[in-house]
Amino acid sequence: MDIKINNLETIDEAARQFIDNMGRARVFAFYGKMGAGKTTFVKAVCRRLGVDDVITSPTFAIVNEYTSATTGDTIYHFDFYRIKKLDEVYDMGYEEYFYGGNLCFIEWPELVESLLPEDAVKVTISEAEDGTRTVSF
């Protein structure tokens, strides 16, 4: 499926479409170049899922945990950009996150692909020359 984001004003609608089509999947791996909008899109999805907390990039923390005020569900947002070795991911107990049944949104999954569950959904965000984005999954 492809969802087009024309500008920031349409990102909430794109997030709604994404959520409506997530199915039963729990782990989503977001691929895209630096600046493609991965974090911005994950923030929009979290807001649509009922997260009231301030949603920030987990670049330095590696993982942020949010709770949906609507459902009480836990959502994990990962950014593996700064991971140097897989041992760092082993040490953080990735299995509990990836296989625990909670929603996981993973940025820079290229660095941990061998650890992703087989049913992880690959989400690609690409940017066109006119600045529009396409979310494909």
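Look above for the structure.
Peer 1: Please provide a residue-by-residue account of the packing of aromatic side chains, values included.
Peer 2: If you walk through the whole model with that rule in mind, you get 16 aromatic pairs. Geometrically, the ring pair formed by F28 and F105 is tilted, given 5.8 Å between the ring centres and 45 degrees between the ring planes. Of this pair, F28 sits in strand β2 (residues 27–31) while F105 is found in strand β5 (residues 103–107), placing the two residues 77 residues apart along the sequence. F105 matches F28 in its accessibility class, with the two residues each being buried. In this arrangement the basic side chain of K38 is found over the ring face of W108, its NZ or CZ atom lying 4.2 Å from the centre. Cation over ring: K122 sits above Y31, and NZ or CZ is 5.0 Å from the ring centre.

Peer 1: Can you tell me about the sheet that holds strand β6 (residues 121–127), naming the residues and giving the values?
Peer 2: Strand order in the open sheet made by the seven strands is β1-β7-β6-β2-β5-β4-β3, with mixed pairing throughout. Edge strands, defined here as strands with exactly one partner in the open sheet, are β1 (2–5) and β3 (63–67). Sheet twist, expressed as the average angle between the axes of neighbouring strands with direction ignored, equals 20 degrees. Note that β2 and β5 share four bridges and pair parallel. For A29, the partnering residue across the bridge sits in β5 and is I106. Along the sheet, helix α1 (residues 11–20) makes contact with β1, β2, β5, β6 and β7 (133–136), crossing β1 at roughly 170 degrees. Sheet contacts for helix α2 (residues 38–48): β1, β2, β3, β4 (74–79), β5, β6 and β7; angle to β5, the most-contacted strand, approximately 165 degrees.

Peer 1: Please set out the pairing of β3 residue by residue, giving values where relevant.
Peer 2: The pairing of β3 with β4 spans five bridges and is classified as antiparallel. Note on β4: the bridge partner recorded for V63 is F78. Turn length for the β3-β4 hairpin, with the two strands adjacent in sequence and antiparallel, is six residues, and the turn residue G72 shows positive phi of about 80 degrees.

Peer 1: How would you explain α2 if you had to name every residue and give the values?
Peer 2: Those residues of α2 that sit buried are K38, T39, F41, V42, A44, V45 and C46. Once α2 ends, the next one or two residues include G50, with phi positive near 100 degrees.

Reading guide: rules and limits
- Residues numbered from 1 in each chain as written.
- Predicted model: local features only at pLDDT ≥ 70, side-chain atom pairs only at ≥ 80, totals over all residues.
- Heavy atoms only, no water.
- Phe/Tyr/Trp six-rings, centres within 6.5 Å; stacked < 30°, edge-to-face > 60°.
- Helix = DSSP H or I, 4+ residues; strand = E, 2+ residues; numbered from the N terminus.
- Buried < 20%, exposed > 50% of the residue type's maximum accessible area, 1.4 Å probe, protein only.
- Lys NZ or Arg CZ within 6 Å of the ring centre and 35° of its normal.
- Pairing = 2+ DSSP bridges.
- Axes fitted to C-alpha atoms, helices over the stretch in contact; angles between N-to-C directions.
- Contact = heavy atoms within 4.5 Å.

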